[in-house]
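Residue strings, one per chain:
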Amino acid sequence: MAHAEIVSIDTSEALAMAGVYAVLTYDDLPTDVKNYGLEIQDTPVLAHGKVRHHGEPVALVAADHPETARRAAAKIKVEYKELPVITDEASATAPDAILVHEGRTDHHAGHVPHPNIVHRQPIIRGNADEAAKKADVIVRGEYYFGMQDQAFLGPESGLAVPEEDGGVHLYIATQWLHSDLKQIAPVLGLPRRRCG
């Protein structure tokens, strides 16, 4: 895993550009809720202290035009201190391993044995013949299922348009509208009814 400590972020050049309205980093986010996630809210809206993977966002730019925003983003100076690359489970779970994830309890499998383990899925194996002796009902047969794939055809993008009442109108391609709303509203500091 390529990860790094964030030493400093300098947004001054981006903020000085004509057409730039705001540049936000983690500390500028307007709410105490700064993480999101579908099941476990462990993904920061913007990186804080470190980046956990290549491409993790560290700043947001609001500007009068997308090209202005792109040029301003290019002027943001981030100084990183590279951390040792983690390439396997042994190095990720060593006693002196650098923590990539914060320690937490996995709500599916109980407490995980190391903070760098995001999820552990126990697999239960047994003797099918012994289990059949204890079963009230046994169903046997051959079953064929077509391949299932939840391939999503929409773009991985969205547009947020501020409303006059302080809310926001969201245009997003999603399969999980209510789950998205549950994640987006708290990080914006808005009640769900004002995110539509």
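Preceding block: the structure.
Model, not experiment: these values are computed from the prediction.

Draft legend 1. The arrangement of the nonpolar core in detail. Ala 14, Met 17, Val 20, Val 23, Ala 72 and Ile 76 together form the largest nonpolar core, which totals six residues. Those residues within four positions of Ala 14 in sequence are excluded, and the remaining contacts are Val 20, Val 23, Ala 72, Lys 75 and Ile 76.

Draft legend 2. Structural detail: the side chain of Thr 25. Locating Thr 25 in the fold gives a position in the loop between strand S2 (20-24) and strand S3 (35-36). Residue class for Thr 25 comes out buried when judged on its relative accessible area of 14%. Discounting residues that sit within four places of it in the chain, Thr 25 has contacts with Ile 9, Thr 11, Leu 46, Val 58 and Ala 59.

Draft legend 3. Structural detail: the packing of aromatic side chains. Taken as a whole and assessed by the stated rule, the structure comprises zero aromatic pairs. Over the face of the ring belonging to Tyr 26 we find Lys 34, whose NZ or CZ atom lies 4.7 Å from the ring centre.

Draft legend 4. Local environment of helix H2 (residues 66-75). Taken together, the buried positions of H2 are Thr 68, Ala 69 and Ala 72. Angular distribution of buried residues about the axis of H2 spans 100 degrees; they occupy a single face of the element. The exposed set on the far side of H2, more than 90 degrees from its buried face, consists of Arg 70 and Ala 74. Where the residues of H2 are buried, they touch helix H1 (12-15), S2 and strand S6 (60-63).

Conventions we followed
Residues numbered from 1 in each chain as written. Predicted model: local features only at pLDDT ≥ 70, side-chain atom pairs only at ≥ 80, totals over all residues. Heavy atoms only, no water. Core = buried A, V, L, I, M, F, W, Y, C linked by side-chain atoms within 4.5 Å. Buried < 20%, exposed > 50% of the residue type's maximum accessible area, 1.4 Å probe, protein only. Contact = heavy atoms within 4.5 Å. Helix = DSSP H or I, 4+ residues; strand = E, 2+ residues; numbered from the N terminus. Phe/Tyr/Trp six-rings, centres within 6.5 Å; stacked < 30°, edge-to-face > 60°. Lys NZ or Arg CZ within 6 Å of the ring centre and 35° of its normal. Arc of directions from axis to C-beta.

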